[in-house]
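# Fold and geometry: a report
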Amino acid sequence: MKQYDTECKKVVIGIDLGDKFSHMCVLDVGGRKIEESRLRTTKPALRKGLAKYSGARVILETSTHSPWISRLLEELGHEVVVAHARRVRLITQSDCKNDRRDAEQLARLGRIDPKLLLPVKHRSEQAHKDLMLLQTRDGLVRARTQLINQARGFAKPLGIRLPSCSTSSFVGQVRASLSEELFPGFDELLEVVERLTEQIRTLSRKIERLCKERYPETTLLRQVTGVGSITALSFVVTIDDPLRFTKSRTLGAYFGLRPRQRDSGECHRQLGITKAGNTYVRRQLVQAAHYILGPFGPDTDLRRFGLRIVGSGGKGAKKRAVVAVARKLAVLLHRLWVSAEEYQPVDYVAVHADAA
């Protein structure tokens, strides 16, 4: 993990990022404000604006622009701290909020101790692009599901129930069972679903090829039954560098699968998970956990662990079991990636008790 010097001995720059313009506040080593300015959110403008502050500590807040800007500033030799938006409540909940003040607050918070901002490490540009491929496929899958559900909903008031089948075979099954257009626009809807299915298959082939050619480490993760190319690749490109996690057990919290904590004195509340981190990857882990606990899941340590939670009964036992298995799965995948070990479905934890 990146280490920060809590005693700031350099110029600190806070930048409040905007879509078109960003506001910058510069503090000297004594905390005095030496410059305030507004810059265009472009590479040339940022290079020019920070040119005279070489080696400065620059504080940003997570946003759609923070990935490429943080990479740019690191290339320019600055110490970049990307503050987690959830942790900057002094800014988000202020009753006197504007872009100029936000930039100054970021600079002053970063000058005190960057660890208070829960710094975020953005993935590399290539990994970011590969994650976009996965999310593009996910968007097409969601669009296809929505159209199929819409078709089923339109058919029921007409007294027709469309055949139960997988989404990939929906168009073929419907055309085989119906000889005429069901309602105006029905044929066009089927054509769109068919095109989406073809595009999803094309993207799936690209993902398989990407796993083999650029990310061979996904083979280690796919040893676990229930983890396919999509789950493995999304896990790898999101983490990008596995060695930045010194302990595998921290992966559960990284993907927002640990319970929230709000204890005070003798009061210990049972709360839901934090849902921090990447939503897409967390959903993939949960889907894999559903398969592991489902009727087709083989006998493994993960399955036994989840079934014990289900067997304990109580309200929401199945839901708690799925989340717990997803959390353990994240830890296991990271361990397999780092160690390059052969996965043992049963008694893996006992053999490697001291590893994770």
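Scope of this entry: the structure provided in the associated data block. Keep in mind that what you see is a predicted model, and the values were worked out from it rather than measured.

### Considering the pattern of salt bridges
Evaluation of the coordinates by the stated rule reveals 16 salt bridges. Note that Glu 208 is salt-bridged to Arg 222, the shortest N-O span being 3.4 Å. Of the two residues, Glu 208 sits in helix α7 (residues 186-213) while Arg 222 sits in the loop between α8 (218-221) and α9 (229-239), which places them 14 residues apart along the sequence. Take Arg 222: its relative accessible area is 34%, and that puts it in the partly exposed class. Measuring nitrogen to oxygen at the nearest pair gives 2.8 Å for the salt bridge that ties Arg 304 to Asp 299. Several salt bridges converge on common partners, so that one network encompasses Lys 33, Glu 36, Arg 100, Glu 104 and Arg 108.

### Details of the sheet that holds strand β2 (residues 21-27)
Strand pairing in a sheet takes place through backbone hydrogen bonds and is either antiparallel or parallel in direction. Spatially, β3-β2-β1-β4-β5 is the arrangement adopted by the five strands of the open sheet, whose pairing is mixed. What marks the edges here is a single partner per strand, and that holds for β3 (33-40) and β5 (79-83). When the angles between neighbouring strand axes are averaged without regard to direction, this sheet yields 20°. Along the sheet, helix α2 (residues 66-75) makes contact with β4 (57-61) and β5, crossing β4 at roughly 175°.

### Quick word on helix α11 (residues 279-293)
Taking 1.5 Å of rise per residue, 15 residues should cover 21 Å, and α11 covers 21 Å from first to last C-alpha, within 8% of that figure. Within α11, burial applies to Tyr 280, Val 281, Arg 282, Gln 284, Leu 285, Ala 288, Ala 289, Ile 292 and Leu 293. Each element contacted by the buried residues of α11 is listed here: α5 (125-155), α9, α12 (301-311) and α13 (317-339). Its side-chain oxygen at 3.0 Å from the backbone nitrogen of Tyr 280, Asn 278 defines the N-terminal cap of α11.

### Notes on the nonpolar core
Residues Val 224, Phe 235, Phe 255, Leu 285 and Leu 329 are the most contacted members of the largest nonpolar core, which totals 46 residues. Contributions of two or more residues to this core are made by α5, α7, α9, α11, α12 and α13. With 12 residues, the top contributor of residues to this core is α13. Here Leu 285 is in contact with Phe 235, Phe 255, Leu 257, Ala 326, Leu 329, Ala 330 and Leu 333, once residues within four sequence places are set aside.

### What to know about the packing of α11 against α13
Packing of α11 against α13 leaves a shortest axis separation of 8 Å and a crossing angle of 110°. As the angle between them shows, α11 and α13 are arranged roughly perpendicular. On α13, the residues touching Leu 285, Val 286, Ala 288, Ala 289, His 290, Ile 292 and Leu 293 of α11 are Ala 321, Val 322, Val 325, Ala 326, Leu 329, Ala 330 and Leu 333. The class makeup of the residues in the contact of α11 with α13 is 13 nonpolar, one polar and no charged.

### Points about unusual backbone geometry
One non-glycine residue, Lys 275, lies in positive phi territory at about 60°. Mapped onto the fold, Lys 275 is located in the loop between α10 (251-254) and α11. Of note in the backbone geometry, Ala 340 takes a positive phi value of approximately 55° without being a glycine. By the element assignment, Ala 340 lies in the loop between α13 and α14 (348-351).

### Looking at α12
For α12, every residue scored as buried is listed here: Asp 301, Leu 302, Arg 303, Phe 305, Gly 306 and Ile 309. Gly 313 sits one or two positions beyond α12 and adopts a positive phi of about 75°.

Quick notes on the rules
Residues numbered from 1 in each chain as written. Predicted model: local features only at pLDDT ≥ 70, side-chain atom pairs only at ≥ 80, totals over all residues. Heavy atoms only, no water. Salt bridge = Lys/Arg side-chain N within 4 Å of Asp/Glu carboxyl O. Helix = DSSP H or I, 4+ residues; strand = E, 2+ residues; numbered from the N terminus. Buried < 20%, exposed > 50% of the residue type's maximum accessible area, 1.4 Å probe, protein only. Pairing = 2+ DSSP bridges. Axes fitted to C-alpha atoms, helices over the stretch in contact; angles between N-to-C directions. Contact = heavy atoms within 4.5 Å. Expected span 1.5 Å × (residues − 1). Polar contact = N/O pair within 3.5 Å; in protein donor to acceptor, adjacent residues only side chain to side chain. Core = buried A, V, L, I, M, F, W, Y, C linked by side-chain atoms within 4.5 Å. Parallel < 35°, antiparallel > 145°, perpendicular 65-115°, else oblique. Nonpolar A, V, L, I, M, F, W, Y, C, P; charged D, E, K, R; others polar.

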